[in-house]
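Coordinate inspection notes
In case you want the letters, here they are:
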Amino acid sequence: QVQLVESGGGLVQTGGSLRLSCIASGRTVGQYSIAWTRQVAGKQREFVAAISRNGVWTNVLNSVKGRFTISRDNAKNTVFLQMNDLEPEDTAVYYCAADQAWPLWPKNPAEYEYWGQGIRVTVSS
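Residues numbered from 1 in each chain as written. Predicted model: local features only at pLDDT ≥ 70, side-chain atom pairs only at ≥ 80, totals over all residues. Heavy atoms only, no water.

Bringing the packing of aromatic side chains into the picture now. Centre-to-centre distance and the angle between the planes together describe a pair of aromatic rings. A full pass over the atoms with the stated rule returns three aromatic pairs. Taking the centre distance of 6.1 Å and the plane angle of 90° together, the rings of Y95 and W115 count as edge-to-face. Taken together, the positions of Y95 in strand β9 (residues 92-99) and W115 in strand β10 (residues 114-115) put the pair 20 residues apart, joining distant regions of the chain. Residue classification places Y95 among the buried residues on the basis of a relative accessible area of 12%. Taken together, the ring pairs connect Y95, Y112 and W115 into an aromatic cluster. Against the face of Y95 rests R45, its NZ or CZ located 3.6 Å from the ring centre. Here R45 stacks its cationic end above the ring of W115, 4.4 Å away from the centre of that ring. (Phe/Tyr/Trp six-rings, centres within 6.5 Å; stacked < 30°, edge-to-face > 60°. Helix = DSSP H or I, 4+ residues; strand = E, 2+ residues; numbered from the N terminus. Buried < 20%, exposed > 50% of the residue type's maximum accessible area, 1.4 Å probe, protein only. Lys NZ or Arg CZ within 6 Å of the ring centre and 35° of its normal.)

Here you go:
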């Protein structure tokens, strides 16, 4: 069992920044790649970014490339999503997910193995 808890969301103005954290726990958590996904109301969850189990490789959605950075601190079992230059279109509930596959972007997010509870990001103005 892998458990994931997100934090760091909130309300920001256009152009602002947030850093989301995903704290993972479980006996085999080090074997999992971690993805950040997001869901706009009424739409399916979409892939945003992912990082491999050793933190060496990353993939980022084209629309956020250059603004979002994913990183991993295995010592703290935490994956971060640094979000800069936020836009209203980034407003969504953000979920982290764990899966043993790599890469994660070709896989339907609905098929990822484990999920956090989600955290809201709202970008205004």
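Here we take up the pattern of salt bridges. Taken as a whole, this structure holds five salt bridges when the rule is applied. With its nearest N and O atoms 2.8 Å apart, the salt bridge here joins E46 to R38. One continuous salt-bridge network, built from bridges that share partners, spans R38, E46, R67, E87 and D90. (Salt bridge = Lys/Arg side-chain N within 4 Å of Asp/Glu carboxyl O.)

Of all six residues that make up strand β8 (residues 78-83), five are buried, and the element is covered over most of its length. By the bridge criterion, six bridges tie strand β3 (residues 18-25) to β8 in an arrangement that is antiparallel. Its bridge partner lying in β8, C22 is registered against V79. What sits between strand β7 (residues 68-73) and β8 in their antiparallel hairpin is a turn of four residues, with N77 showing a positive phi close to 50°. (Pairing = 2+ DSSP bridges.)

The grouping of V56, W57 and W102 at the surface amounts to a nonpolar patch, some 330 Å² of accessible area in total. Relative to the helices and strands, V56 resides in the loop between β5 (46-51) and β6 (58-60). (Patch = residues over 30% accessible without salt bridge, like charges linked within 9 Å, V, L, I, M, F, W, Y side chains within 5 Å. Areas by Shrake-Rupley, 256 points an atom, 1.4 Å probe, with all protein chains shown as cover.)

What follows covers unusual backbone geometry. Backbone geometry follows two general trends: most residues other than glycine have a negative phi, and most peptide bonds adopt the trans configuration. Residue P103 follows W102 across a cis peptide bond; omega there is -5°. Along the polypeptide, P103 turns up in the loop between β9 and β10. In the Ramachandran plot, N77 falls in the positive-phi region, its phi being about 50° despite a non-glycine side chain. In this fold, N77 is placed in the loop between β7 and β8. We classify N77 as partly exposed; its relative accessible area is 34%.

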